[in-house]
Number of protein chains: 2
Amino acid sequence: MSDRVPRANAASPAKSAGSRRKVHVSDPGSPTIRVPFTEVTLGAGLGNGVSPADLSVRLYDTSGPGSDPQEGLPPLRRPWITGRGDVEEYDGRPVSVRDDGRAVARKSAEDTRAGAGAGAGAGAGAGAGSGAGLSRWPAPGRRPLRARRAGAGGRRPVTQLHYARAGMITEEMRFAALREGVQPEIVREELAAGRAILPANVNHPESEPMVIGRRFLVKVNANIGNSSVTSSIANEVEKLSWATRWGADTVMDLSTGPAIHTTREWIIRNSPVPIGTVPIYQALEKAGGRPENLSWELYRDTLIEQAEQGVDYVTVHAGVLLRYVPLTAERVTGIVSRGGSIMAAWCLAHHEENFLYTHFEDLCEIMADYDMAFSLGDGLRPGSVADANDEAQFAELRTLGELTEVAWRHDVQVMIEGPGHVPLHKIAENVTLQQEVCHEAPFYTLGPLTIDVAPGYDHITSAIGAAVIGMHGTAMLCYVTPKEHLGLPDRDDVKQGMIAYKIAAHAADLAKGHPGAQRWDDALSKARFEFRWEDQFNLAIDPETARSYHDETLPAAPAKTAHFCSMCGPKFCSMRISHELREYAASRGIPVRAAVGDGMREKAAEFLEAGASVYVDPATTSTRREHPWVTTPEAPDA
Amino acid sequence: MSDRVPRANAASPAKSAGSRRKVHVSDPGSPTIRVPFTEVTLGAGLGNGVSPADLSVRLYDTSGPGSDPQEGLPPLRRPWITGRGDVEEYDGRPVSVRDDGRAVARKSAEDTRAGAGAGAGAGAGAGAGSGAGLSRWPAPGRRPLRARRAGAGGRRPVTQLHYARAGMITEEMRFAALREGVQPEIVREELAAGRAILPANVNHPESEPMVIGRRFLVKVNANIGNSSVTSSIANEVEKLSWATRWGADTVMDLSTGPAIHTTREWIIRNSPVPIGTVPIYQALEKAGGRPENLSWELYRDTLIEQAEQGVDYVTVHAGVLLRYVPLTAERVTGIVSRGGSIMAAWCLAHHEENFLYTHFEDLCEIMADYDMAFSLGDGLRPGSVADANDEAQFAELRTLGELTEVAWRHDVQVMIEGPGHVPLHKIAENVTLQQEVCHEAPFYTLGPLTIDVAPGYDHITSAIGAAVIGMHGTAMLCYVTPKEHLGLPDRDDVKQGMIAYKIAAHAADLAKGHPGAQRWDDALSKARFEFRWEDQFNLAIDPETARSYHDETLPAAPAKTAHFCSMCGPKFCSMRISHELREYAASRGIPVRAAVGDGMREKAAEFLEAGASVYVDPATTSTRREHPWVTTPEAPDA
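Residues numbered from 1 in each chain as written. Chains lettered and ligands numbered in written order. Predicted model: local features only at pLDDT ≥ 70, side-chain atom pairs only at ≥ 80, totals over all residues. Heavy atoms only, no water.

### Regarding helix α2 (residues 102-113) of chain B
Residues and elements named next belong to chain B. With 12 residues, α2 should cover 16 Å at 1.5 Å per step; its first-to-last C-alpha distance of 16 Å lies within 8% of that length. Listing the buried residues of α2 in full gives Arg102, Val104, Ser108 and Asp111. On the buried face of α2, the contacting elements are α8 (279-286). (Helix = DSSP H or I, 4+ residues; strand = E, 2+ residues; numbered from the N terminus. Expected span 1.5 Å × (residues − 1). Buried < 20%, exposed > 50% of the residue type's maximum accessible area, 1.4 Å probe, protein only. Contact = heavy atoms within 4.5 Å.)

Here you go:
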């Protein structure tokens, strides 16, 4: 792990070859709001007559300012949060070794018996993390914030939904609007209507605000996290930075293994993007790994623990009702969601309704105190093509719709999780039904995987489904890595998963006609057409890979300015003819538009409309005189 | 390059772990028809009560019998072809060094001057190939076949379309039908209607018949071929075998570089799948690389040369009409098809209509003599999102529809090539319009790429488009490799492209409801659910990668039978609860279906219909007595 998290693909600007670097754009109305972008300045080979607006392209940038993992990121949002005057600092819940899971608690007990004195008790972070020098969060003095208890009007929700409904445009909304290229009022409106969320726990001031909703750019979440089998804290922090470098809009820490609490602390303190979790995983650890030992009290304690750390949204499987469990019995793959199966096990063991459902209003009160958003989990999502869109799945979805309304009554932000495994022709129905029964709350789907038979390539099987479900209105896509179903993702898997999903998200943005989305494609395609290789690389989702693939076949530096590629070689490049056409027009001093102007278009249309038969006399279609730009092209043989 | 082309993923059958191997299934009516399949026999961990039909899964197999490249494949179809009594052997066109391109001709001339005597002249295959020992096709004695000139009724087309229209079910149709799992009559009907093609040049008897049409499985083509910049004959033959191993249904040889003729000979003689080409590439070589020097005579000579070698289908850019060229002038990326730009250059240079269009009937006569199929090229396909579905593209498509009818009058098989770069929301229109104006001739599309900004990952950007266009009815997908736009694909790129496209094709098959397609997914998902790891691997599109990814995290052999994976670890696996439910039912001697039978379903439905509010009393939802299968699950903590 490097000392410094690298900055976003910042290529060193070379000669006249253009550059790719991070810039910050200030909100003219609020100069403290400085929004990061990746700016690609176009360079070599650009023709004359290019308007300044076409000389650079700004891309959405999730990579954050870069941090020393030991120090964490600066608390960007702190003044905005405290400035609203509705939060208070307090001591927070005491942290114990139990918060780090059974393995750590066991180790701590052994150490104590051995006289090593690995202290537990108050202060964030307990021992036994596996990364060298990363076991304990080095700044344990942090006191959490929550909604102020005293004061006029009593305790109020400190959620972005609450502010939006009150007509207030927060700094967070302005920041997100500038990132999206829309007016802040649009962000406020969408939040107020519940059609978007802005995950922003008051205890995660390090995050750069972003918005999730179908009127905005489609977002991508990356899952990281250790399990009892593998991984370490250092790895997870590196995966976080690596994921945001490649475009992760949010990151979920799904750790189940040792040092859960401490791992999460390191992740949040270093995260420029909202962090999501599934608290039931940690609660299960506290319950000794036995679902039947879970309780509302244990869960509540865990939720507050995570709220104080700064988790921005939590997956809550409150829709897995006892009566839905039998609906899964005849499925090909039963229940495949861990959270779903934990709650189903609890329900069956106790013969009682899901405590997350029965305590949902209590949950809402906690969420409102910190501005944690709900990500209502689809515990009964299909785990195979055969189980897609079945009764169990849609029964739970309807319950999530019901819970959405409850959360909204508490001014708590909500998004809805979706499947899973769904064949292409059943995807649209998922969005339509979700939007209907969940009152247009944002949809957040895992893929879906469109086929079951490609383990090792599920980033691709699911990118297909993700692009299509995004086109239909899904607001955020949870990535799937090549290791899905097979193992835990490593660094390269995280990158492969992220890139497949940035592709899916952008494909959806184009299909939805998101304003400005196509500008990026047009800039790259123009660069491609004009053989501006460096510009192509700098504009690419993954500049390094594009450059290295080009180098494999044509490694020499001159090839970077060559007017051909290795596909066809220098002898005959397919794009030359168009250039020659344009050059001819230019040499006559007429714009191409005029050269192929109305007269010619009409001519072509005439022919089409006449339904010209195959064997029109070539003489009649000769256009020697009509086409002023016709000339013998220069021999393309180099 | 290995001496023997490897057989299709044939894993050595291990213990009780099931197996994956090639089998041949004979047509009961025609025992000479032996159709290859990859048969996966399921093994370890399979529960009792499994019906024999569920014990194995047969997958479509394109890998061929395996060949020694020096000897080629056995001429499987030869007796069927000659048995119809409508072909004759003849001397064929004399092959000269010029057929191998300028570089070879130059080298040969130099060698002659130097007294080395590299002979040219008759017999297939001329020198200067770059692979060691692979420069000359070792069996030059082959005499080509063509439609018989003499005899009653005169010369007749020897095409599968001709036979199908005459009501004849050929061995080729039977073979293809058995592969698809449909009745031969369906294949005949679809061919007769022009809705499908069965590419089967009488001079490529080595090929295993297959059918391309929207009622059948979606097919995938892999492009290989050298260019003047890189690659060798040995590489190309290896890429061919490698591509068919990973599922290529057809392969296009797009060579433009040295030894075009000889490279093609090696490829065809070793190919178990139909081979496609773009003859204009070779014709351009013969024209010294100067489009203006092309002529109908040069093209005709090249087409016959390739027909005699056994090319099964050819891309012909006969729809690039002179009057359409100006329509591309204002595009972001002009003309991006090589063939399209060559023909556009010719048209502009000569101020005449495309000779492929004016000589289309002559072309048809040649095609009918050998049963070469047309793949009518989209020379004006969009090369960027910005240019998708524009006037130039659709004008050409209408002309291709017109040419389709001409070809059909000659009993020549036709498919239509499609784009290219198309954003998701514009894909359906491509298929709808193509099916309408081309009278339901099969559509064969390159991707389409759904975004422009991911060079290095265009196998993914285009697999998304390919799956969607396949769902809408495209019959064959031309793969795109990660190197698209950047360089020539190597061995691994071919594999990555193939797998992305097999995924897209299967996603489309599921979405179209192809009979039997889902059986594969269900078998794999059941194996996954029952922790039959070896069965999962054997059923995977890429067993090796799936196995190796699993091994990375859990390398020990016992992990292959473990009832958990590294995702959640042994402590709590999400799929256990469903198994416990089933086991409970089994222990009571009641089928799961009965345990969750009508009574319970009604109960669940009642609750749903009652629109139960969030806070129903948990007591009323308790099902202690109503759910006979409820039991406290065993503690899952291992």
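### Thoughts on helix α6 (residues 233-245) of chain B
All names here are of chain B. With 13 residues, α6 extends 18 Å between its outermost C-alpha atoms, agreeing within 8% with the 18 Å of an ideal straight helix rising 1.5 Å per residue. The buried fraction of α6 is high, at 11 of 13 residues. Within α6, burial applies to Ile233, Ala234, Glu236, Val237, Lys239, Leu240, Ser241, Trp242, Ala243, Thr244 and Arg245. Residues of α6 that are buried sit in contact with β8 (219-224), β9 (250-253), α7 (260-269), β10 (275-277), α16 (491-512) and α19 (543-553). Gly247 lies just past α6 and shows a positive phi near 110 degrees.

### Thoughts on the packing of α8(B) against helix α10 (residues 338-350) of chain B
When two helices pack together, their arrangement is given by the angle between the helix axes and by the axis-to-axis distance. Residues and elements named next belong to chain B. As a packed pair, α8 and α10 sit with axes 9 Å apart at the nearest point and diverge in direction by 50 degrees. Our classification of the angle between α8 and α10 gives oblique. Of the two elements, α8 crosses α10, and the hand of that crossing is left-handed. Along the contact surface, α8 presents Ile280, Tyr281 and Leu284, while α10 presents Arg338, Gly339, Ile342 and Met343. Of the residues assigned to the contact of α8 with α10, the class counts are five nonpolar, one polar and one charged. (Axes fitted to C-alpha atoms, helices over the stretch in contact; angles between N-to-C directions. Parallel < 35°, antiparallel > 145°, perpendicular 65-115°, else oblique. Left-handed = near helix turned anticlockwise from the far one by under 90°. Nonpolar A, V, L, I, M, F, W, Y, C, P; charged D, E, K, R; others polar.)

### Considering the sheet that holds strand β1 (residues 19-26) of chain A
Residue and element names in this part refer to chain A. One open sheet holds the three strands; their spatial order is β1-β2-β3, and the pairing between them is antiparallel. Each of the sheet's edge strands pairs with one partner strand only, and the pair in question is β1 and β3 (56-60). Pairwise comparison of adjacent strand axes, ignoring direction, gives a mean angle of 40 degrees for this sheet. Direction of pairing for β1 relative to strand β2 (residues 34-41): antiparallel, over a ladder of eight bridges. Across the sheet, Ser19 pairs through a bridge with Thr41, a residue of β2. Here helix α4 (residues 171-180) sits on the sheet and contacts β1, β2 and β3; the angle it forms with β2, its principal contact strand, is near 15 degrees. (Pairing = 2+ DSSP bridges.)

### As for the sheet that holds strand β1 (residues 19-27) of chain B
Residue and element names in this part refer to chain B. Judged by pairing direction, the sheet is antiparallel, and its three strands sit side by side in the order β1-β2-β3 without closing on themselves. Edge strands, defined here as strands with exactly one partner in the open sheet, are β1 and β3 (56-60). Put simply, the sheet's adjacent strands are angled 45 degrees from each other on average, direction ignored. Helix α4 (residues 171-180) rests against β1, β2 (30-41) and β3 of the sheet, and its axis sits at about 20 degrees to β2.

### So, the packing of helix α15 (residues 458-471) of chain B against α16(B)
Residues and elements named next belong to chain B. α16 packs onto α15 with a crossing angle of 25 degrees between their chain directions and a minimal axis gap of 8 Å. Looking at the two axes, α15 sits roughly parallel to α16. For the crossing formed where α15 meets α16, the hand is right-handed. On α16, the residues that touch His459, Ser462, Ala463, Ala466, Ala467, Gly470 and Met471 of α15 are Gln496, Gly497, Ala500, Tyr501, Ala504, Ala507, Ala508, Ala511 and Lys512. In the contact of α15 with α16, the residues fall into 10 nonpolar, five polar and one charged.

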